[in-house]
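A closer look at the structure
Here are the chains, one letter per residue:
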Amino acid sequence: FDNAKVTVIFVLGGPGAGKGTQCSKLVDGYNFCHLSAGDLLRAEQNREGSQYGDLIRTNIREGKIVPSYVTLKLLEIAMAAALKERDGQDNGWKDGHGRFLIDGFPRKMDQAELFDDTICLSALTLFYDTTEKVLTDRLLERAKTSGREDDNLDSILKRFRTYKEETMPVIERYQSQNKVVQIDSSGTIEQVYQATVKVIEKVLY
Ligand code: UP5
Ligand code: MG
């Protein structure tokens, strides 16, 4: 993908930080294509005939990271499809231009390196930060209705651990390149969105 045309914003933060919630709001406001790596993996897991179903299911339940080649491939296919589908639309997607929010990725150093080297360079990382208490409360509340196999206390604790050990170093990598904006996501959805909009306006305009 052409770095001069494609704007990629990574959206990171602990499990339940509000990545998906904020991305949905940005899609409405700014014509982003929102790609959640977790959603792509869950869709692939449920796709009939997928050879990766069991591999994805086990890793997600254990809060571990699915091998990077699987996730990278899914993202690349989804990005290409979005560019093809929206080409010519008069909303920032003309002539191969596109804007992507890549949510919950890269969460491990090898994914970050592979993406930078083989897909394109990101413009920015939005980093949603709050306490484990807030995260746990949100996830256990969502567990009542989400049907997600990893919304239980055992999986949540494993996800926290993977996040600290594997994902925080990725955030630090981009911090050292001055490409991270940290946003406190403890407030209401609307408060967090207002903080997000300020950042996005600066990047896009
Ligand atoms: N909520 C949101 N914002 C709120 C606010 N400000 N105030 C009050 N409530 C708020 O939000 C979570 C819940 O909180 C919702 O009920 C929401 O209404 C409420 P959400 O927006 O869904 O948070 P999000 O950060 O998206 O949480 P999610 O659970 O999706 O984060 P994870 O990072 O854990 O999940 P993801 O889907 O990205 O990954 C799942 C698993 O897939 C990983 O653990 C891993 O096993 C695997 N994976 C890979 O292997 N590789 C990848 O590259 C990506 C994922
Ligand atoms: Mg999510």
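Attention here is on the structure that accompanies the text. These figures come from a predicted structure and were not determined experimentally. (Residues numbered from 1 in each chain as written. Chains lettered and ligands numbered in written order. Predicted model: local features only at pLDDT ≥ 70, side-chain atom pairs only at ≥ 80, totals over all residues. Heavy atoms only, no water.)

1. Here we look at the overall build of the chain
- Along the chain, the regular secondary structure elements total eight helices and five strands.
- For the chain, the succession of helices and strands along the chain, N to C, is β-α-β-α-α-α-β-α-β-α-α-β-α.
- Relative to the compact-globule value of 17 Å for 205 residues, the chain shows a C-alpha radius of gyration of 16 Å, a close match.
- For the chain, the spread of C-alpha atoms along the three principal axes comes to 45 × 40 × 35 Å.
- Looking at the 205 residues of the chain, the share that counts as buried comes to 46%.
- The contacts of the chain with a sequence gap of at least 6 include a subset with a gap of at least 24, amounting to 75%.
- Split by element, the accessible area of the chain, about 10400 Å² in all, is 49% carbon and sulfur.
- A gap of 2 Å separates the mean positions of the 28 positive and 31 negative side-chain charges of the chain. (Helix = DSSP H or I, 4+ residues; strand = E, 2+ residues; numbered from the N terminus. Rg over C-alpha atoms; globule rule 2.2 N^0.38 Å. Buried < 20%, exposed > 50% of the residue type's maximum accessible area, 1.4 Å probe, protein only. Contact = heavy atoms within 4.5 Å. Areas by Shrake-Rupley, 256 points an atom, 1.4 Å probe, with all protein chains shown as cover. Lys, Arg positive; Asp, Glu negative; His and termini not counted. Charge placed at Lys NZ, Arg CZ, Asp CG, Glu CD.)

2. Describing the environment of Leu139
- Position of Leu139 among the secondary structure elements: in helix α6 (residues 132–146).
- Along the chain, Leu139 and Asn152 lie 13 residues apart, while their C-alpha atoms are 8.0 Å from each other.
- Apart from the residues lying within four places of it in its own chain, the contact partners of Leu139 are Pro15, Gly16, Asp151, Ile156 and Arg159.

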